[in-house]
Amino acid sequence: MNVVCGRASQHLGSKIADEMEVDLVKVSYKTFPDGEQYLKILDSLDDEVVVVQSITSDSEFVNLLLLLDAVDSSKITTVIPYMGYSRQDRRFEVGEPISARAIAKPISKYSNEVITIDIHNMKVKEYFDCDFTNLMAFDHMARELDLENPIVIAPDEGAQDRARSVAEIRGWEHDHLVKTRKSGEEVEITPKQIDVDGRSVLIVDDIIATGGTMSQAISMLKKQGAKEVYVGATHPVLAGNAIQKLYSAGCTDIICTDTIEKSVSKVSVAPIIAENLK
Ligand code: R5P
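Residues numbered from 1 in each chain as written. Predicted model: local features only at pLDDT ≥ 70, side-chain atom pairs only at ≥ 80, totals over all residues. Heavy atoms only, no water.

Undergrad: For this particular structure, what's the right way to read helix H5 (residues 160-170)?
TA: Given 3.6 residues per turn, any residue in an α-helix points the same way as the ones three and four places further on. Within H5, burial applies to Arg 162, Ala 163, Val 166 and Ala 167. Buried residues of H5 fall within an arc of 125° about the axis and therefore sit on the same side. When the buried face of H5 is taken as reference, the exposed residues oriented beyond 90 degrees from it are Asp 161 and Glu 168. Check the buried side of H5 and you find it contacts helix H4 (137-144), strand E9 (151-154), strand E10 (174-176) and strand E13 (200-208). Backbone geometry just downstream of H5 places Gly 171 in the positive-phi region, at approximately 70°. (Buried < 20%, exposed > 50% of the residue type's maximum accessible area, 1.4 Å probe, protein only. Helix = DSSP H or I, 4+ residues; strand = E, 2+ residues; numbered from the N terminus. Arc of directions from axis to C-beta. Contact = heavy atoms within 4.5 Å.)

This is the structure in structure tokens:
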């Protein structure tokens, strides 16, 4: 078995190869003047290949498809640590696409198995026409967090299971806030009755995209007297000025995983992926 990584997951891909003690395949990438991508696999491949690539943009999705087409092996396991478009997992309004399905279909054609990490909704599984495994990074993150007895808070009901799971592993308290999304970028958070006065708080979510959800939760908790507010998420999309927004709101630290390779990617998901592949 060997590991091939796409442009968006070069660090994580090499860590997975390292953990598994298998070869990391060399790939060269270039972009033509018209913007089209080109890549070439430079080493020979084994019968079993693991392709690692997060879909962080349209361009990285194309990069993954080109890579899958170039890999000519009998068994391909495609690891998509962060799957962009997974939040559009149904037709919310007439005329919309099911974007997660549109992304899943072509990947399935090349893959024997797809592995994701903390996928936004397990409904996505039904869109892959191949084996599908979702690994939970939150349990792993919980063990790695070096915090003094914080209250773990989910920014909305949908993230409650994650907060509970982190809290239970560490024996911490947990709760959740009530969120109303007003538009793509605007979120209103109605305070719930939680006594955070003088306490450290850890807010957990799967994705930080614009930082709107988190920054409002941070501001609210700070107003209620929280001493420190840490932010923990699996996928640091962190679009635009999201990091600045979180710190301006009073965030103490941001702790995320390397499903997307950013400065806040302090916990690696390589061990849980490697463990699953062995
Ligand atoms: C939504 O359901 C997700 O779990 C996150 O809460 C959301 O993606 C965060 O987005 P943003 O950072 O733009 O508020």
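Undergrad: Would you take a moment to explain the pairing of strand E14 (residues 228-236) for this structure?
TA: Walk down a regular strand and you will see the side chains alternate between the two sheet faces. Counting buried positions along E14 gives 8 out of 9 residues, so the element sits mostly inside the fold. With helix H6 (residues 212-223) bridging E13 and its parallel neighbour E14, the resulting β-α-β unit is right-handed. Tracing the backbone out of E14, into helix H7 (residues 242-248) and back to the parallel element strand E15 (residues 253-257) gives a crossover that is right-handed. (Right-handed = clockwise from strand over helix to strand, strands pointing away.)

Undergrad: What is the right way to look at the sheet that holds strand E16 (residues 265-267) in this model?
TA: Remark on secondary structure: sheet strands pair via backbone hydrogen bonds, oriented parallel or antiparallel. The strand order across the open sheet built from 6 strands is E10-E9-E13-E14-E15-E16, with neighbouring strands paired in parallel fashion. With partners counted over all chains shown, the strands left at the sheet margins are E10 and E16, one partner each. Averaged over all pairs of adjacent strands, the angle between their axes in this sheet comes to 35°, without regard to strand direction. Bridge analysis of E9 against E10 gives 3 bridges, and the strand direction is parallel. From the neighbouring strand, Ile 153 faces E10, where its bridge partner is Asp 175. H5 rests against E9, E10 and E13 of the sheet, and its axis sits at about 165° to E9. Against the sheet, H6 contacts E9, E13 and E14, and its axis sits at roughly 170° relative to E13. (Pairing = 2+ DSSP bridges. Axes fitted to C-alpha atoms, helices over the stretch in contact; angles between N-to-C directions.)

Undergrad: What is the right way to read the sheet that holds strand E8 (residues 131-135) from this model?
TA: The strand order E2-E1-E5-E6-E7-E8 describes an open sheet built from 6 strands, whose pairing is parallel. Edge positions in the sheet fall to strand E2 (23-24) and E8, since each has one partner strand and no second.

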